[in-house]
Amino acid sequence: MSALETSAFRDAMSRLGAAVNIVTTGTQAHPIGFTASAVCSVTDTPPTLLVCLNRNSRVREFFNEGQPLCVNVLSSAQQALSNQFASPISMEERFSLGHWSSLATGAPVLEEAVATFDCRISQCVEVGTHSVLFAVVEALRVNQHLGGLVYFNRAYHPLSPSES
């Protein structure tokens, strides 16, 4: 069996819809963050997430075992914020949008997020071009009245809030 071509793999993966998130570390005084769609639950006992981060990213050096990590799930109205955090602008400019606070770990928390998972990184595993960060949730917050934002087929798509 021949190896898959990178472009074919990427094209197929573009069909795997995912929530859009701003992942942060640091503090409110010195915030660090990036846009991520490669975030998922690992287990609920203890509550643990994983986040994939490109090893060549300029923020990679700040995400290490024992450090805080906060996953802020974006709402359907926050596409501009996603683009801002995915751009090459400074951290100060990235954090100029939104209202930021903190929970248990001190990592920046987006007040307007659909859901917030405030974590501490328990393990980092290097796989190919990416670092897989495992993070144990220490606090969370959910805003039931906001719809989500997903990325599918290389485009943003809004989700309506549930009616239940």
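Located above this text is the structure these notes cover.
Residues numbered from 1 in each chain as written. Predicted model: local features only at pLDDT ≥ 70, side-chain atom pairs only at ≥ 80, totals over all residues. Heavy atoms only, no water.

The sheet built from three strands is open, its strands ordered 1-11-12 with antiparallel pairing. Looking at which strands have only one partner, the edges of the open sheet turn out to be strand 1 (18-19) and strand 12 (155-158). Where strand 1 and strand 11 (residues 149-152) come together, two bridges link them in antiparallel fashion. Paired with alanine 19 across the two strands is valine 150, which belongs to strand 11. (Pairing = 2+ DSSP bridges. Helix = DSSP H or I, 4+ residues; strand = E, 2+ residues; numbered from the N terminus.)

What follows concerns the packing of aromatic side chains. Counted by the stated rule, this structure contains five aromatic pairs. With a centroid separation of 5.9 Å and an interplanar angle of 45 degrees, the aromatic rings of phenylalanine 85 and tryptophan 100 are classed as tilted. In this pair, phenylalanine 85 sits in helix 2 (residues 79-86) while tryptophan 100 sits in strand 7 (residues 100-101), placing the two residues 15 residues apart along the sequence. Each member of the pair, phenylalanine 85 as well as tryptophan 100, is classed as buried. Within the aromatic cluster, the residues linked to one another by ring pairs are Phe85, Phe95 and Trp100. (Phe/Tyr/Trp six-rings, centres within 6.5 Å; stacked < 30°, edge-to-face > 60°. Buried < 20%, exposed > 50% of the residue type's maximum accessible area, 1.4 Å probe, protein only.)

This brings us to a nonpolar patch on the surface. A contiguous nonpolar patch, built from Leu4, Phe9, Met13 and Leu16 and spanning about 440 Å² of accessible area, is present on the exposed surface. Within the element layout of this structure, phenylalanine 9 appears in helix 1 (residues 6-13). (Patch = residues over 30% accessible without salt bridge, like charges linked within 9 Å, V, L, I, M, F, W, Y side chains within 5 Å. Areas by Shrake-Rupley, 256 points an atom, 1.4 Å probe, with all protein chains shown as cover. Salt bridge = Lys/Arg side-chain N within 4 Å of Asp/Glu carboxyl O.)

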